[in-house]
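Given next are the chains, with one letter for each unit.
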Amino acid sequence: MGIKAALPKYELYFYTLVLSLAGLWAASWIFEASSDNVNRKTFKESVKPGWHYFGRKMLRSTVYMVYGMLAVLATMGLTFTMLILSHCVLLYSVSLSKQKWLCFAAGLCSLATFKLEPFSSWQSGLVTGTFALQDVLFYGGSGFTIMRCLSFALENYEKKDGNYSFLELLKYNFYLPFFFFGPIMTFDRFHAQVNTPDLTRKDREMWNIRIQAVLHLAAIVVVDVLFHFLYILTIPSDMKLVKQLSDWSLAGLAYSNLVYDWVKAAVMFGVINTVSRLDHLDPPQPPKCITMLYVFAETHFDRGINDWLCKYVYDYLGGNHDNIVKELLATVCTFAVTTLWLGPCHVVYIWSFFNCFGLNFELWVAKFFELEPFASMEAKMSEATSRRIRGVFNAANFWTIILYNVLALNSLDFANLVFKRLLITGFPLSTLSVLFVTYCGVQLIKERERRLALEEEGAEKEKTE
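Residues numbered from 1 in each chain as written. Predicted model: local features only at pLDDT ≥ 70, side-chain atom pairs only at ≥ 80, totals over all residues. Heavy atoms only, no water.

Enquirer: Please give an account of the overall build of the protein chain that cites residues and values.
Expert: Helix and strand content of the protein chain: 19 helices and zero strands. For the protein chain, whose C-alpha radius of gyration is 24 Å, the value lies close to the compact-globule estimate of 23 Å for 465 residues. If you line up the protein chain on its principal axes, its C-alpha atoms span 65 × 60 × 45 Å. Relative to its 465 residues, the protein chain shows a buried fraction of 45%. Surface summary for the protein chain: the accessible area is close to 24400 Å², and the carbon and sulfur share equals 66%. Counting 42 positive and 40 negative side-chain charges, the protein chain places the centres of these two groups 3 Å from one another. (Helix = DSSP H or I, 4+ residues; strand = E, 2+ residues; numbered from the N terminus. Rg over C-alpha atoms; globule rule 2.2 N^0.38 Å. Buried < 20%, exposed > 50% of the residue type's maximum accessible area, 1.4 Å probe, protein only. Areas by Shrake-Rupley, 256 points an atom, 1.4 Å probe, with all protein chains shown as cover. Lys, Arg positive; Asp, Glu negative; His and termini not counted. Charge placed at Lys NZ, Arg CZ, Asp CG, Glu CD.)

Enquirer: Go over the packing of helix α15 (residues 346–369) against helix α17 (residues 383–409), please, and point to the residues and values.
Expert: Following both chains from N to C, one finds α15 and α17 inclined at 165 degrees, their axes separated by 8 Å at the closest point. With respect to each other, α15 and α17 are oriented roughly antiparallel. Judged by the twist between their axes, the crossing of α15 over α17 is left-handed. Along the contact surface, α15 presents Val347, Ile350, Trp351, Phe354, Asn355, Phe357, Glu362 and Phe369, while α17 presents Phe393, Asn397, Tyr404, Asn405, Leu407 and Ala408. (Axes fitted to C-alpha atoms, helices over the stretch in contact; angles between N-to-C directions. Parallel < 35°, antiparallel > 145°, perpendicular 65-115°, else oblique. Left-handed = near helix turned anticlockwise from the far one by under 90°. Contact = heavy atoms within 4.5 Å.)

Enquirer: I'd like to hear about the environment of Ser246, residue by residue, with values.
Expert: Tracing the sequence through the fold places Ser246 in the loop between α11 (239–242) and α12 (247–278). Along the backbone, Ser246 and Gly426 are 180 residues apart, and their C-alpha atoms lie at a distance of 9.8 Å. Within the local environment of Ser246, its side chain forms a polar contact with the backbone nitrogen of Ser249, the two atoms lying 3.1 Å apart. (Polar contact = N/O pair within 3.5 Å; in protein donor to acceptor, adjacent residues only side chain to side chain.)

Enquirer: Tell me about the nonpolar core, residues and numbers included.
Expert: If you look at soluble globular proteins, the nonpolar side chains tend to sit buried side by side. Formed by 53 residues in total, the largest nonpolar core has its most connected members in Phe80, Phe174 and Trp308. At ten residues, the largest contribution of residues to this core is made by helix α6 (residues 134–158). Ranked by size, the runner-up nonpolar core spans 50 residues in total, among them Leu245, Ile401, Ile402 and Leu417. (Core = buried A, V, L, I, M, F, W, Y, C linked by side-chain atoms within 4.5 Å.)

Enquirer: Which residues make up the packing of aromatic side chains, and what are the values?
Expert: Evaluated as defined, the whole model comprises 36 aromatic pairs. Between Tyr175 and Phe178, the aromatic rings sit 5.0 Å apart at their centres with planes inclined by 80 degrees, giving edge-to-face as the arrangement. Summarising the burial analysis for this pair, Tyr175 and Phe178 share the class buried. Taken together, the ring pairs in this structure connect Tyr64, Tyr92, Phe152, Tyr164, Phe166, Tyr172, Tyr175, Phe178, Phe187 and Phe190 into an aromatic cluster. Stacked on the ring of Trp341, the Lys or Arg Lys115 has its end atom at 5.1 Å from the ring centre. A cation over a ring is seen here: Lys159 above Tyr164, with NZ or CZ 4.7 Å from the ring centre. (Phe/Tyr/Trp six-rings, centres within 6.5 Å; stacked < 30°, edge-to-face > 60°. Lys NZ or Arg CZ within 6 Å of the ring centre and 35° of its normal.)

Enquirer: Kindly report on helix α14 (residues 324–342), identifying the contributing residues and their values.
Expert: Between its first and last C-alpha atoms α14 spans 26 Å; for 19 residues at 1.5 Å apiece the expected length is 27 Å, and the two agree. What α14 keeps buried is the set Glu327, Ala330, Thr331, Thr334, Phe335, Val337, Thr338, Thr339, Leu340 and Trp341. For α14, the secondary structure elements touched by its buried residues are α4 (100–115), α6, α13 (303–318) and α15. Where α14 begins, one side-chain oxygen reaches toward the backbone nitrogen of Val325, 3.0 Å away; that side chain belongs to Asn323. Phi turns positive one or two residues past the end of α14, at Gly343, with a value near 105 degrees. (Expected span 1.5 Å × (residues − 1).)

Enquirer: An account of the confidence of the model for the protein chain is requested, with residue identities and associated values reported.
Expert: Residues of the protein chain with pLDDT of at least 70 account for 95%, and the chain-wide mean is 85. Low pLDDT, under 50, characterises residues 50–58; the stretch is placed with 13 contacts to residues that sit more than four places away or in other chains. (pLDDT = per-residue confidence, 0-100.)

Enquirer: Describe in detail helix α2 (residues 60–76), supporting the description with residues and values.
Expert: Structurally, the α-helix is built with 3.6 residues per turn, so residues lying three or four positions apart point the same way. Its 17 residues give α2 an end-to-end C-alpha distance of 24 Å, which sits within 8% of 24 Å, the value for a rise of 1.5 Å per residue. Every buried residue belonging to α2 is among Arg60, Ser61, Tyr64, Met65, Gly68, Ala71, Val72 and Met76, and all of these are buried. Taken end-on, α2 shows its buried residues confined to a sector of 140 degrees, consistent with a single buried face. The outward face of α2, more than 90 degrees from its buried face, is lined by the exposed residues Tyr67, Leu70 and Ala74. Looking at the buried side of α2, the elements it contacts are α3 (78–95), α6, α7 (166–173), α8 (176–179) and α9 (187–194). The positive-phi residue at the C-terminal boundary of α2 is Gly77, with phi of around 95 degrees. (Arc of directions from axis to C-beta.)

Printed below as a string of structure tokens:
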């Protein structure tokens, strides 16, 4: 059934009420656990006392490169800069072969030298300095550099007339706002945008950039305030305390951890994107809010990496993602690259396996319900009834996404406890009540998507007229 299927307003109001009350109730449990256990030994590292509140010319790409290289040199030193340049030279040289498989092999091998021992320790040991963010900047800058160089190599393969120059690679890689923390903009997009002669701004563009900057600053303050009262990152590390929490508190805690990770990514990329917009670039958008996700295909916390993987791996191998065998191959390869990007370890292996399975299982279920008699049964239903039934499956899928991704954010023990409490020991009361609240949330998300679809349809009609 189509996305434009509508539900009665009173039904949507009821869903909103249920979701709001459930969210407040879960937050109250977390607040109580945070307040009562502030002096626990395991909290001391995370909870500290004393805290309280109440337009350039066409030479611009070269300027970006020089400024970025000087900033990296001043921040990380000559050895790190030379190390990065050596990987750039290597991958540029490989790109001249115009062999796609060789570009991929060289790129992934270079990435492995920063993600696997003993190569990782050896390269990081070359960089001197002891400032607090050195490790973060080292692994961020080196990892994103390899992904950018690989994008350059693959786009150079697609270039029919000659090769892009090494200078173009340096301009691309050393654009400072993206260098250490991303997001990754694929080379074809960056090259086209940074070399465009048209630097005029749209109406109210500067106003919108200022508004976004203010909103990101406000988000930082709000999150910091909430963390003073809700220890959503600290509580999961204390398994003794976690086991004492109610099922609802545990569910809220698991969900809140993913929301935090999304907010962190959204704010970080939002600030970076605001700066890049001042340079007349159109960067990848921040990740879609975890609250809005009920399908695995849209689950990501870095839209730049997601766009990179889709362009060069997932969509390339999976085609239209309608064939079961092609989809299996595409997802396995995609999560193999993702595992290397995140840094191979047993938690990442488990996370990759379950998310890869989730993507494929969605397709299997969709294919199964396209068979008879299910297809005929749905065709006879009203669109609203079909939407409600699909919402039930989406609610279950939502919590599958939560459980799979809690693995990467917290620990295997915490994810295992959440799973047991919500699906085994909490059955049927906790299980069904959490799923019902989630179902209400899914229907509200579907309503938002329905309205956006109608707005887009109206805009298309205006253009044609």
